Amino acid sequence: MTTDAAPTEAVTAPPAPGAPDIIRVRDFNFFYGANQVLKGINLDIPEKRVTGFIGPSGCGKSTLLRSFNRMNDLIDGARHTGDIRLAGRSIYSADLEVIALRRLVGMVFQKSNPFAKTIYENVVYGLRIAGVRDRDTLDEAVERSLRGAALWNEVKDRLNDSALGLSGGQMQRLCIARAIANRPKILLMDEPCSALDPIATMRIEELIGELKSEYTIVLVTHNMQQATRCSDFTAFFYLGDLVEFGKTNVLFTNPTEKRTEDYITGRFG
Amino acid sequence: MDNPVTHAADFFGDNSPDATKAISRSLGNRLLTGLCIGLSFLAMVPLVSILCLVVKNGLPLLDWSVFTELPPAAGMTGGGFGNAAVGTLTMVGLGLALAAPPAVLAAIYICEYDPRGRLAGTVRFVAKLLTGIPSIICGVFAFAAVVVVTGKFSAVAGGVALAVLMLPTILLTAEQALLGVQNTYREASYGLGATRFQTVFRVVLPGALPAIMTGVMLAVARAAGETAPLVFTALFSQFWASSLMEPTASLSVLIYNFSTMPFEHQVKMAWTASLVLVLLVTLTNVTAQLVFSRRSP
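1. Things to note about the overall build of chain B
At step 1: The helix and strand inventory of chain B stands at 12 helices and 0 strands.
At step 2: Against the 2.2 N^0.38 benchmark of 19 Å for 297 residues, chain B shows a C-alpha radius of gyration of 27 Å, more extended than a compact globule.
At step 3: Expressed as lengths along the three principal axes of its C-alpha atoms, the size of chain B is roughly 95 × 60 × 35 Å.
At step 4: In chain B, which comprises 297 residues, the proportion classed as buried is 38%.
At step 5: Taking all contacts inside chain B whose residues are at least 6 apart in sequence as the whole, residues at least 24 apart take part in 74%.
At step 6: Carbon together with sulfur atoms contributes 70% to the accessible area of chain B, which is approximately 16,200 Å² in total.
At step 7: Charge centroids of chain B, computed over 16 positive and 13 negative side chains, lie 9 Å from each other.

Structure (C-alpha cells):
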C-alpha cells in the first residue's frame with residue numbers, strides 16, 4: 001500500500017468556501033484489482049457542514065466515502081495511491097490505528113444494520129468494544145446518543161427490547177445513535193434513506209440538519225432532491241472523476257461543467 | 001365510454017384461444033402441485049414406518065427399570081440396559097467435547113480470517129473428504145490411536161472415534177452458518193472500530209449460533225446411532241462403568257448384540273433399546289432447538 005503523503009502545494013484543490021476543511025483528499029486513485037474506480041481525486045471537505053456526493057451508480061462516490069474510514073481495507077484486491085488527510089494527518093499513517101480512525105469517522109450504511117441485540121446494547125457496542133464497563137457512563141451514552149438521533153422518546157421505555165422489532169426508519173436512526181455514541185468527528189452516510197419511506201426519509205433528513213452543528217457529515221445519495229435539501233456542498237462524480245464540487249445551490253443552479261448539467265437535469269444517470 | 005363491458009364473457013374473453021390455454025396451464029399447475037404433495041408423503045413413508053415399528057416393538061418392555069438395571073445374560077429374562085444408555089451419553093458427550101471446539105474454531109478461521117487462503121482450502125477439502133469416510137474407518141483409527149496405545153478398550157477410545165466422525169460435519173455446517181451471517185453486520189461492527197476478534201466473537205458467532213447448533217445436533221444424532229466405531233474401541237460391558245478407561249456398553253452395540261441372539265427376550269430388548277435411542281436423539285434435538293432459538297433477544 002502506498003502511504004506517501006502527496007505533495008500538497010503542487011495540487012490545485014477546488015476552492016473550499018466558508019468553513020475550514022477537515023478532510024483533504026489529494027491525488028487519490030483507487031483500484032479494485034485492475035479496475036480503477038477513482039481517478040486523481042482532489043477534494044477538501046469543510047468542517048461541520050453537510051457535503052453531498054452525487055453521481056450515477058458506479059461513479060466511485062461510495063468508494064471514496066468508504067475510503068475515509070478505510071472500510072475498503074476489508075476488500076481483497078483493493079489498493080490506492082495518493083493520500084487522505086484528516087485534520088492534517090494522513091489516515092494511512094502508521095501511527096494511526098485503523099480501529100481508532102473508525103471511531104473518529106462513524107458510518108451509517110445504506111441498509112440499516114442493527115445487531116440482533118437489545119436497543120441498549122446496540123448503542124453501547126462501540127463503547128463496550130473500547131472497554132468501557134462503567135454502568136453510569138454507558139447509561140449516559142445511551143440517552144445522549146438516542147436523543148441525538150431523535151429516537152429517545154420513542155424507545156426510552158423499551159431499551160431492553162430487541163432492536164430488530166423497530167421500524168425501518170427507527171432502525172436507521174438507531175444506527176445513527178450507535179455511530180454517534182462513539183463521539184466521532186465525522187459521520188459518513190451511504191445512501192441512508194434509500195430503503196426508507198418518505199416520512200422516515202424526512203425524519204432522517206431533519207436529523208442530518210440537526211447533526212451538522214456537531215459533526216461533519218458526508219452524504220452519498222442517489223436522490224438529487226435530497227442533495228439539494230440536505231447538503232451545503234455537493235460533489236458530482238462521474239466514471240471515477242470528481243467532475244465538479246461547490247456550494248450546493250451554485251452547483252445545481254449554475255453548474256460550470258456540461259456533464260454536471262446533463263446529470264442534474266436528468267439527461268442521464 | 002365507447003365500448004362498455006356488459007357481460008363477463010366479454011370481459012374475460014371466455015372463448016378466446018388465450019383463455020383455453022390459460023385453463024390448460026392452470027390444470028397443469030394443479031397436477032404438478034398434487035404430484036409434489038403426493039411424493040412428499042411418499043418420502044415420509046419409510047421414516048414413519050420405521051418409527052411405528054420401533055414404537056410398536058419397543059414399547060412393551062419400556063419401563064423405568066430398563067434404565068436402572070444391567071443387561072440380562074444370554075437366555076435370561078428381565079434386566080435392562082442402564083449401563084448402555086449411560087455409556088452412549090458418556091461417549092457422545094466426550095466426542096462432542098473433543099470435536100466441537102476445534103471444529104467451530106476451524107470454521108471461524110476458514111470463514112472469517114483467511115477464506116481464500118491455501119490453509120483454508122486444504123481444511124475445507126479434508127473436511128469434505130472426511131464426511132464421506134465410512135464410520136468403521138474412524139473406529140479403526142481410534143483403535144490404532146487410543147486402544148493400541150493405552151492397551152485397553154475404553155470409553156475414551158469410543159469418544160475419540162465419535163469425535164473424528166463428528167468433526168467434519170460440525171466444521172462444514174459451522175462454516176455455512178458463519179457464511180449465512182450477513183456482511184452488513186460485520187461492516188457495522190468494523191465501522192464502529194471493532195477488531196476482527198471482537199467482530200467475530202460479539203457479532204458473527206452469536207448470529208450464527210442457532211445454525212451451528214443445528215449442525216452440532218445433526219452430528220450428535222448420527223454419532224449416537226453409530227455401532228461400527230464403538231465395536232472397535234469401547235467394545236461392550238455387562239456392568240456399570242466405573243471409569244472412562246474401561247470397556248463401556250453403548251445402546252448401539254447392545255442393539256447389535258441382542259438383535260442377533262436366538263432369544264426372544266433379548267430381541268425384544270433390542271427393540272426397546274432402539275426406541276430409547278430414538279427418543280434420546282429426539283429429546284436432545286428438541287431441547288437444543290428450544291434453548292438456542294430463544295437466545296436471541
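2. Concerning the overall build of chain A
At step 1: Across its full length, chain A carries 10 helices and 10 strands.
At step 2: For a compact globule of 269 residues, the expected C-alpha radius of gyration is about 18 Å, and chain A comes in at 19 Å, within 12% of that figure.
At step 3: Each of the three principal axes of chain A carries a C-alpha extent, and together these read 55 × 45 × 35 Å.
At step 4: Put simply, 67% of the contacts in chain A that link residues at least 6 apart link residues at least 24 apart.

3. Regarding the interface of chain A and chain B
At step 1: Counting from both sides, the interface comprises 24 residues of chain A and, opposite them, 18 residues of chain B.
At step 2: Considering only the side of chain A, the residues that lose the most area to chain B are A:Phe115, A:Tyr125 and A:Ile129, jointly responsible for 26% of the buried surface there.
At step 3: Counting every contact that joins chain A to chain B gives 2 salt bridges.
At step 4: When the shortest N-O distance is used, the salt bridge between A:Arg66 and B:Glu187 registers 2.5 Å.
At step 5: The interface formed by chain A and chain B holds 8 residue pairs in polar contact (both at pLDDT 80 or more) in total.

4. Details of the pairing of strand β10 (residues 241–247) of chain A
It is a general feature of regular strands that their side chains alternate between the two faces of the sheet.
Residue and element names in this part refer to chain A.
At step 1: Within β10, 5 of the 7 residues are buried, which leaves it mostly tucked inside the rest of the structure.
At step 2: Where strand β9 (residues 233–238) lies against β10, 6 bridges are found, and the strand directions are antiparallel. Residue phenylalanine 233 lies in a different strand from β10, and its bridge partner there is lysine 247.
At step 3: With antiparallel pairing between neighbouring strands as the criterion, β9 and β10 make up a hairpin whose turn holds 2 residues, including leucine 239 at a positive phi of roughly 50°.

5. Looking at helix α7 (residues 155–179) of chain B
At step 1: End to end, α7(B) covers 35 Å across 25 residues, agreeing with the expected 36 Å (1.5 Å per residue, within 8%).
At step 2: Burial analysis of α7(B) places 19 of its 25 residues in the buried class, which makes it a mostly covered element.

6. Some words on the sheet that holds strand β6 (residues 105–108) of chain A
All names here are of chain A.
At step 1: Pairing in this open sheet of 6 strands is mixed, and the strands run β6-β7-β8-β3-β9-β10 from one edge to the other. Either end of the sheet is taken by a strand with one partner, and the two such strands are β6 and β10. Taken over all neighbouring pairs, the strand axes of this sheet differ in orientation by 15° on average, direction set aside.
At step 2: Of the strands in this sheet, β6 and β7 (186–190) are in contact with helix α6 (residues 168–180), which crosses β6 at around 170°.

7. Some points on the domain arrangement of chain B
All names here are of chain B.
At step 1: When the domains of chain B are assigned, the result is domain 1 (4–58) and domain 2 (64–294).
At step 2: The centre of domain 1, based on its C-alpha atoms, is set 41 Å off from the matching centre of domain 2.
At step 3: Opposite the 6 residues of domain 1 that make contact, domain 2 presents 6 residues.
At step 4: Summed over both partners, the interface of domain 1 with domain 2 comes to about 510 Å²; 81% of that surface belongs to carbon and sulfur atoms.
At step 5: Contact with domain 2 buries area across many residues of domain 1, yet Val54, Asn57 and Gly58 alone supply 76% of it, more than any other trio.
At step 6: Taken together, the connections running from domain 1 to domain 2 amount to 0 salt bridges.
At step 7: At the surface where domain 1 touches domain 2, the tally comes to 1 residue pair in polar contact (both at pLDDT 80 or more).
At step 8: Counted by class, the side of domain 1 that touches domain 2 contains 4 nonpolar, 2 polar and no charged residues.

What counts and what doesn't
- Residues numbered from 1 in each chain as written.
- Chains lettered and ligands numbered in written order.
- Predicted model: local features only at pLDDT ≥ 70, side-chain atom pairs only at ≥ 80, totals over all residues.
- Heavy atoms only, no water.
- Helix = DSSP H or I, 4+ residues; strand = E, 2+ residues; numbered from the N terminus.
- Rg over C-alpha atoms; globule rule 2.2 N^0.38 Å.
- Buried < 20%, exposed > 50% of the residue type's maximum accessible area, 1.4 Å probe, protein only.
- Contact = heavy atoms within 4.5 Å.
- Areas by Shrake-Rupley, 256 points an atom, 1.4 Å probe, with all protein chains shown as cover.
- Lys, Arg positive; Asp, Glu negative; His and termini not counted.
- Charge placed at Lys NZ, Arg CZ, Asp CG, Glu CD.
- Buried area = accessible area lost by both parts, 1.4 Å probe.
- Salt bridge = Lys/Arg side-chain N within 4 Å of Asp/Glu carboxyl O.
- Polar contact = N/O pair within 3.5 Å; in protein donor to acceptor, adjacent residues only side chain to side chain.
- Pairing = 2+ DSSP bridges.
- Expected span 1.5 Å × (residues − 1).
- Axes fitted to C-alpha atoms, helices over the stretch in contact; angles between N-to-C directions.
- Domains from an automatic or database assignment.
- Nonpolar A, V, L, I, M, F, W, Y, C, P; charged D, E, K, R; others polar.

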